[in-house]
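Secondary and tertiary structure notes
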Amino acid sequence: RGNSVKRDGISSQLNTLLIKDIQGVPVVVQETASVHDAVIQLFLENVGTLMVVNQDGFLVGIISRKDLLKVTLGNPNASTMPVHLVMTRQPNIVTVSPEDTVLEAARKMVHFQVDSLPVVKRDNHSNLLVIGRITKTNMTQLLVDLAMEV
Ligand code: ADP
């Protein structure tokens, strides 16, 4: 294994490793959930970003720590607001598919300056199904794993 890493080099490893090899489970919240509930969920699930789904379970938005901080500033009623008023919504969500390479995901995170990307599949009606998530933490773990192999 170690030899194959040396022979292939880190860059070809990054080009052959796929999202589905390192993705984690998605952490989702309903679009009707309140800002209060979203904050609680961030703590309970120990994540920085939640993927927002509609009642059919399809991806409609993404909400991060900064989104939640921003809405609470100077807004005493923020905690009861539904998250769909606060989230970043489609078509602005940057996503990856399970067959994309890890390098493509890393490039997207850097380029769009986001900490996480939903891993999605489209159904026959072009609805987005969230099947995983990829984060900067995954990437850092992968870096450590690759370093240990060499
Ligand atoms: P944080 O706010 O915790 O620093 P991010 O840097 O990931 O987290 O989020 C910055 C902004 O980008 C937020 O407004 C968030 O809604 C948005 N955002 C986060 N992830 C994505 C994504 N995959 N696609 C589009 N926008 C995103």
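Attention here is on the structure that accompanies the text. (Residues numbered from 1 in each chain as written. Predicted model: local features only at pLDDT ≥ 70, side-chain atom pairs only at ≥ 80, totals over all residues.)

Around the ligand there are 16 residues in total, and Ser 64, Arg 65, Lys 66, Thr 88 and Asp 115 lie nearest to it. The set of elements that each furnish at least two residues to the shell around the ligand consists of β3 (59-64), α4 (65-72) and β5 (116-122). Tallied by class, the residues present in the shell around the ligand amount to 6 nonpolar, 6 polar and 4 charged. (Near = placed C-beta within 6 Å. Helix = DSSP H or I, 4+ residues; strand = E, 2+ residues; numbered from the N terminus. Nonpolar A, V, L, I, M, F, W, Y, C, P; charged D, E, K, R; others polar.)

If you trace the 4 strands from one edge of the open sheet to the other, you get β1-β2-β3-β4, paired in mixed fashion. Only two strands of the sheet have a single neighbouring strand rather than two, namely β1 (28-30) and β4 (88-89). One ladder, built from 5 bridges, connects strand β2 (residues 49-53) with β3; its direction is antiparallel. Bridge pairing in β3 places Leu 50 opposite Ile 63. Across the face of the sheet, helix α3 (residues 35-45) comes into contact with β1, β2 and β3 while running at roughly 130 degrees to β2. (Pairing = 2+ DSSP bridges. Contact = placed C-beta atoms within 7 Å. Axes fitted to C-alpha atoms, helices over the stretch in contact; angles between N-to-C directions.)

Going from Gln 90 to Pro 91, the amide bond is cis rather than trans, its omega being 10 degrees. Turning to its location among the elements, Pro 91 is positioned in the loop between β4 and α5 (102-112). At Gln 113, a position not held by glycine, the phi torsion is positive, near 55 degrees. Note that Gln 113 resides in the loop between α5 and β5. Look at Ser 126: it is not a glycine, yet its phi comes out positive at around 70 degrees. Mapping Ser 126 onto the fold places it in the loop between β5 and β6 (128-135).

Counting residues in each nonpolar core, the largest one holds 25 residues, and the members touching the most others are Ala 38, Leu 50, Met 51, Val 52, Ile 63 and Val 83. Elements with a contribution of two residues or more to this core: α3, β2, β3, α5, β5 and β6. Among the elements that line this core, the one with the most residues is β2, at 4 residues. Excluding residues within four positions of it along the chain, Met 51 makes contact with Pro 26, Val 27, Val 28, Leu 59, Ile 62, Pro 118, Val 130 and Arg 133. (Core = buried A, V, L, I, M, F, W, Y, C linked by C-beta atoms within 7 Å. Buried ≥ 20, exposed ≤ 12 C-beta atoms within 10 Å, placed from the backbone.)

Within β5, 5 of the 7 residues are buried, leaving the element largely enclosed by the surrounding structure. Bridging between β5 and β6 involves 7 bridges; their strand directions are antiparallel. When the bridges of β6 are listed, Lys 121 appears paired with Leu 129. Where β5 hands over to β6, the hairpin turn is made up of 5 residues, of which Ser 126 adopts a positive phi near 70 degrees.

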